[in-house]
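Topology and contacts: notes
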Amino acid sequence: MKPGSERIIVALDTPEVAQAVRWVEQLAGTVGAFKVGLEFLHAAGPEGVRAVQAAGAGRVFIDGKFSDIPNTVAGAVRSTCALNPWLVNVHAMAGPAAMRAAYEAAQECARANGAPRPLLLAVTVLTSLDRDALRAIGVGAEVQDTVVRLALLAREAGLDGVVASPLEIQAIREVCGDGFLIVTPGVRPAGGATHDQSRVATPGAAIRAGADYLVLGRAITAAADPRAAAESIAAEIAAAG
Ligand code: C5P
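So, a few notes on the structure that sits alongside this text. (Residues numbered from 1 in each chain as written. Predicted model: local features only at pLDDT ≥ 70, side-chain atom pairs only at ≥ 80, totals over all residues. Heavy atoms only, no water.)

Around the ligand sit Ala11, Asp13, Lys35, Lys65, Thr127, Pro185, Arg188, Gln197, Val215, Leu216, Gly217 and Arg218, and those are all the residues in its vicinity. Arg188 has a polar side-chain atom sitting 2.7 Å from an oxygen atom of the ligand. At 2.8 Å from an oxygen atom of the ligand is found a main-chain nitrogen or oxygen belonging to Gly217. Here the ligand, which alone exposes 470 Å², has 85% of that area covered by the protein. Its residues placed into classes, the shell around the ligand shows four nonpolar, three polar and five charged. (Near = heavy atom within 4 Å. Polar contact = N/O pair within 3.5 Å; in protein donor to acceptor, adjacent residues only side chain to side chain. Areas by Shrake-Rupley, 256 points an atom, 1.4 Å probe, with all protein chains shown as cover. Nonpolar A, V, L, I, M, F, W, Y, C, P; charged D, E, K, R; others polar.)

Core analysis: the largest hydrophobic core is formed by 66 residues, its most contacted members being Ile8, Leu12 and Ile172. Those residues in contact with Ile172, other than ones at most four positions away along the chain, are Val147, Val148, Ala151, Val162, Ala164, Gly177, Phe180 and Ile182. By size, the runner-up hydrophobic cluster in this structure holds 13 residues, among which are Ala11, Leu87, Val163 and Val183. (Core = buried A, V, L, I, M, F, W, Y, C linked by side-chain atoms within 4.5 Å. Buried < 20%, exposed > 50% of the residue type's maximum accessible area, 1.4 Å probe, protein only. Contact = heavy atoms within 4.5 Å.)

Turning next to the pattern of salt bridges. The tally for this structure, following the rule as stated, stands at six salt bridges. Here the residues in one salt-bridge network are Lys35, Asp63 and Lys65, joined through shared partners. (Salt bridge = Lys/Arg side-chain N within 4 Å of Asp/Glu carboxyl O.)

Moving on, we come to empty space enclosed by the protein. Enumeration over the complete set of coordinates arrives at one cavity of 30 Å³ or more. As a volume, the largest cavity reaches approximately 40 Å³. Surrounding the largest cavity, Cys81, Asn84, Pro85, Cys109, Ala110, Asn113, Ala115, Pro116 and Pro118 form its lining. Looking at which element gives the most residues to the lining of the largest cavity, the answer is helix H4 (residues 96-113), with three residues. For the lining of the largest cavity, the residue count by class is seven nonpolar, two polar and no charged. (1 Å grid on protein atoms, 1.4 Å probe; cavity = no way out; pocket = protein on both sides within 12 Å on 5 of 7 lines; lining within 4 Å. Points joined across faces, edges and corners; volume = space filled by probe spheres on them. Helix = DSSP H or I, 4+ residues; strand = E, 2+ residues; numbered from the N terminus.)

This next bit is on the sheet that holds strand E3 (residues 59-66). Around the barrel, eight strands lie side by side as E1-E2-E3-E4-E5-E6-E7-E8; this closed barrel has parallel pairing. On average, each strand axis in the sheet is tilted by 25° relative to the strand beside it, whichever way the strands run. In terms of strand pairing, strand E6 (residues 161-163) meets strand E7 (residues 181-184) through three bridges, oriented parallel. From the neighbouring strand, Gly161 faces E7, where its bridge partner is Leu181. Packing against the sheet, helix H3 (residues 70-81) makes contact with E3 and strand E4 (87-91), and its axis sits at approximately 160° to E3. Packing of helix H10 (residues 226-240) onto the sheet brings it into contact with strand E1 (8-11) and strand E8 (213-216), and relative to E1 it is tilted by some 145°. (Pairing = 2+ DSSP bridges. Axes fitted to C-alpha atoms, helices over the stretch in contact; angles between N-to-C directions.)

The next point concerns the side chain of Asp212. Looking at the secondary structure, you find Asp212 in the loop between helix H8 (203-209) and E8. Among the polar contacts listed, one links the side chain of Asp212 to the side chain of Arg173, at a separation of 2.8 Å. Residues within four places of Asp212 in sequence aside, it is in contact with Arg7, Arg173, Phe180, Leu181 and Ile182.

Listed below in structure tokens is the structure:
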């Protein structure tokens, strides 16, 4: 794999297994991992995940964004572990006990399966929420302070890192240190369409700010030549970091 490629996670945002499989076939070997989120998981289920794995996806990020009581979050993590994901995530707003339950469930499954433990990420504040939206749900603190607070809670619960917008990377890195994974969506090559993302950065800027991995969806999957788009982003990442 070329330098930079392994840091790209491609979002397979489609309800169609055949489309996801086509993207994996086009991009495997050119990117580091693939992400399946709520749209795909609720349409295609575990069978869909197995289909993308069978197509050669390699590392898979199951972006299930679990948020429930600790017992149910632990159950969701156990069910997910059966698919051998590389990354799994939970909402930090589910609270410290739910995050600890997720971590313990992942450890137990890994022991039982004799497989590596999936890495666990926390979603802090969704990038679609701004200060007014936080106020509306009763959170008076600033967005960035809330993000950092939730990232610290995630680290204390044993989680491996967070999903964070480009604008939050630096603050999290300063507080949580180098070993803490930061996975960043909202990334757009310079001059590319921003779609519905408002807090965007270029791949180079996100890497320089301290991101470990970048999640890219439409900038790659909607390109006329997805493989060429991924290669050019990988080159930008390599030059930045
Ligand atoms: O197409 P685009 O690059 O905008 O896709 C970004 C991907 O990252 C989508 O799968 C989206 O659900 C996900 N994501 C995000 N912002 C977050 C968390 C996840 O855009 N805060």
